[in-house]
Amino acid sequence: MTFMVSKYMSIKHQQALMRKSFNLASGLMLFCIIFTTQILANPAQTKQKLDADMNFRQDNAVEHPTKRTDSNSTADHSKFEDLKVPFSNGSEVTKACLKCHTEAGHQFMKNIHWTWTYKNKKTGQLLGKKHLINNFCTNARGNEGMCAQCHAGYGWKDKNFDFSNQNNIDCVVCHDRTGSYYKTPPTKGNKSCSIMFENKQAIQWSEVAQSVGLPARENCGGCHFYGGGGDGVKHGDLDSSLIHPDKKLDVHMNEAGANFACTQCHITKKHIWAGSRYNVIAKDTEGTGKPGQRRDVASCESCHGTKPHPNDSLANIKLNNHVDRVACQTCHIPTIARGGVATKTNWDWRTAGKTRNGEGYKEKNYTQGNGEHRATYKSIKGDFIYGENLVPHYGWFNGQMIYTTIDTQFDPTNGFININSYTGSANDVNSRIWPFKQMHTVQPYDKGNNTLVYMHLWGNDENAYWGNYDFGKAIKAGMEKNNRPYSGEYSFIDTYSYWPTTHMVAPKEDALTCAECHSKEGRLKDLQGFYLPGRDSYNWLDITGLLAIAGTLLGVLMHGLIRLFSNKVRNQS
């Protein structure tokens, strides 16, 4: 067939065809080289470009609450006569609220924000702030006088708090729209802590009651932005910069754009919020991509679906193929703590207790992006390390977290324990690669029983650590107060906790590039159990690939030369 065709083709035409074939093969080979080079590019250079492209800003302290555009309320509370009377405390306001909102109290009492208790049906673990140990201020139990400032109730001082009394519910902590409401501890702390609550303006209860509305970011953030003991301390993707964020910081909460409140994703039904750190939906296979359809979970897929990228290009089709194994957050939250507020990454309790002239003190040796100075040492807590614009920790996650509780015995010779750990693997079809904030702390444990401990931190008594700086007394009091066995000996151990990252979603142009992960030293270099192109290589596969490319090129060249030579021979004959 080749002979018959070539018989009627000129030598010039055959040469042109050969050049086209050669150019096609060369182009293909060049494309493969360029693509491979991009994939194996230095990730540090890519990150440097990413950081340079992000011009972050942090607003100055704001006095005005954010605007809510999604309210469909038909009531103007400033016209209610029952709210114009003078109130002396929050419980009186709640009692007035419940006169009209007759079912709200019963509904809210089922909320974890009220119970601080969660029973995990899969693991059987009893969780919630009321029970757990953490690696920040270590435990809320026994320290309710301080920690219950973030409880949606009034007067929780100790185990005698009445959870059945609806008048103890704090309605305005979620619904205040004046921006003037605040909570103070129901009990007194020692001198070292009391300064935090000095010079506070008295709450104008009647004004607050008449100005209620749907919760906005600062309502939820009043607790969730300040968890762990300060602004941005705990999560890394939740801090005060999200009260008035721009698009660079979060595309959903962007105040000049969509301006989402937290409840836009954490939908409320009868005062129960969607989304929980104790029961995470790591892979939502039921998401419709139609906002408003599936709203029982707070997942990306519930609005964006399982194929969030338009199928208008090969690149987007390939990105949609990633969704099955890679969480949306992994690509679209390139760094955390990037709004000008730092997050805490390390905490060392061993150094706590130092004084100057018998008094506790602070050292503020870290200046964060918004210019605020943060304490790197406190006598009541020890040494801290902060970070901003941090690359998250990555791991295979199926939504299940396992917690080390007060009952968990561990082997301290391992050198560390996980306060909480995520489960999942590359072989688990329900797992995806997720970003986490990793927190490292050195904290006390019971050396004799090999368990963590409850510490009595807050209080105006001789056993409270935030006053006496005596770990022995504080641990003994904390354990006895909660009827826990204590050997009388304590030491310190390294602990780690992991917090799934879901906020500070960057614009699509700032999402991760391919080379951020598909490279030898990329973000996923330590994530094992699967083959990742660009990061991993098999010698036999690489050799086979190179031989295939070389063979293809050689075949094209040989084919062209044979046709050229054959044509010359025929012309000569």
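A short tour of the structure in this document, coming up. Note that the structure is predicted; figures quoted are calculated from it, not measured.

1. Things to note about the overall build of the protein
(1) Moving on: If you tally the helices and strands in the protein, you get 17 helices and 17 strands.
(2) Moving on: Counting the 573 residues in the protein, one finds 43% classified as buried.
(3) Moving on: The long-range share in the protein, meaning contacts at least 24 apart out of those at least 6 apart in sequence, stands at 71%.

2. Brief notes about the side chain of Glu388
(1) Moving on: Within the fold, Glu388 resides in the loop between strand S10 (382-387) and strand S11 (393-397).
(2) Moving on: It is Arg374 that comes nearest to the buried, bridge-free Glu388 among opposite-charge side chains, at 7.7 Å.
(3) Moving on: Non-local contacts of Glu388, meaning those with residues more than four positions away in its chain, are made with Ile336, Ala337, Gly340, Val341, Ala342, Tyr366, Thr367, Gln368 and Gly369.

3. Topic: the environment of Ser240
(1) Moving on: Relative to the elements of secondary structure, Ser240 occurs in the loop between helix H11 (217-224) and strand S3 (268-269).
(2) Moving on: Here Ser240 falls in the buried class, since its relative accessible area comes to 16%.
(3) Moving on: Taking C-alpha positions, Ser240 is 9.1 Å from Arg217, a pair spaced 23 residues apart along the chain.

4. Describing the packing of aromatic side chains
(1) Moving on: Taken as a whole, this structure holds 34 aromatic pairs when the rule is applied.
(2) Moving on: Measuring from ring centre to ring centre gives 6.4 Å for Phe108 and Trp273, while their planes differ by 85 degrees; the resulting arrangement is edge-to-face. Here Phe108, found in helix H5 (residues 104-108), pairs with Trp273, found in strand S4 (residues 272-273); they are 165 residues apart in sequence, far enough to count as distant.
(3) Moving on: For Trp273, a relative accessible area of 22% translates into the label partly exposed.
(4) Moving on: Three or more aromatic residues joined by ring pairs form one cluster here, namely Trp347, Trp349, Tyr366, Phe384, Tyr386, Tyr465, Tyr469, Phe471, Tyr490 and Phe492.
(5) Moving on: Across the ring face of Tyr377, the terminal group of Lys354 is positioned such that the distance to the ring centre comes to 4.7 Å.
(6) Moving on: One cation-aromatic arrangement involves Arg356 over Tyr361; the distance from NZ or CZ to the ring centre is 3.8 Å.

5. Quick look at the pairing of S11
Two faces, one strand: in a regular strand the side chains alternate between the faces of the sheet.
(1) Moving on: In terms of residue burial, S11 counts as a mostly covered element, since four of its five residues are buried.
(2) Moving on: Looking at chain direction, S11 and strand S15 (residues 432-446) are connected through five bridges and run antiparallel. Bridge assignment links His393 to a residue of S15, and that residue is Phe436.

6. Overview of helix H4 (residues 90-100)
Each α-helix winds once per 3.6 residues, and so residues spaced three or four apart point in a common direction.
(1) Moving on: Within H4, burial applies to Gly90, Val93, Thr94, Ala96, Cys97 and Leu98.
(2) Moving on: In this structure, the buried residues of H4 make contact with H5, helix H8 (172-175) and helix H10 (205-210).
(3) Moving on: The N-terminus of H4 is capped by Asn89, whose side-chain oxygen sits 3.1 Å from the backbone nitrogen of Ser91.

7. Quick look at the nonpolar core
(1) Moving on: Among the nonpolar cores identified, the biggest contains 33 residues, and Trp349, Tyr465 and Trp466 are the most heavily contacted of them.
(2) Moving on: For this core, the secondary structure elements donating two or more residues are S10, S15, helix H15 (465-468), helix H16 (471-481) and strand S17 (490-500).
(3) Moving on: Tallying contributions element by element places H16 first for this core, with four residues.
(4) Moving on: Not counting residues within four places of it along the chain, the set of residues in contact with Tyr465 comprises Trp349, Ala352, Gly353, Ser379, Ile380, His456, Leu457, Asp470, Phe471 and Ala474.
(5) Moving on: If you look at the next biggest cluster of nonpolar residues, it comprises 25 residues, including Leu83, Met109, Trp114 and Phe161.

Thresholds, definitions, all that
- Residues numbered from 1 in each chain as written.
- Predicted model: local features only at pLDDT ≥ 70, side-chain atom pairs only at ≥ 80, totals over all residues.
- Heavy atoms only, no water.
- Helix = DSSP H or I, 4+ residues; strand = E, 2+ residues; numbered from the N terminus.
- Buried < 20%, exposed > 50% of the residue type's maximum accessible area, 1.4 Å probe, protein only.
- Contact = heavy atoms within 4.5 Å.
- Lys, Arg positive; Asp, Glu negative; His and termini not counted.
- Salt bridge = Lys/Arg side-chain N within 4 Å of Asp/Glu carboxyl O.
- Phe/Tyr/Trp six-rings, centres within 6.5 Å; stacked < 30°, edge-to-face > 60°.
- Lys NZ or Arg CZ within 6 Å of the ring centre and 35° of its normal.
- Pairing = 2+ DSSP bridges.
- Polar contact = N/O pair within 3.5 Å; in protein donor to acceptor, adjacent residues only side chain to side chain.
- Core = buried A, V, L, I, M, F, W, Y, C linked by side-chain atoms within 4.5 Å.

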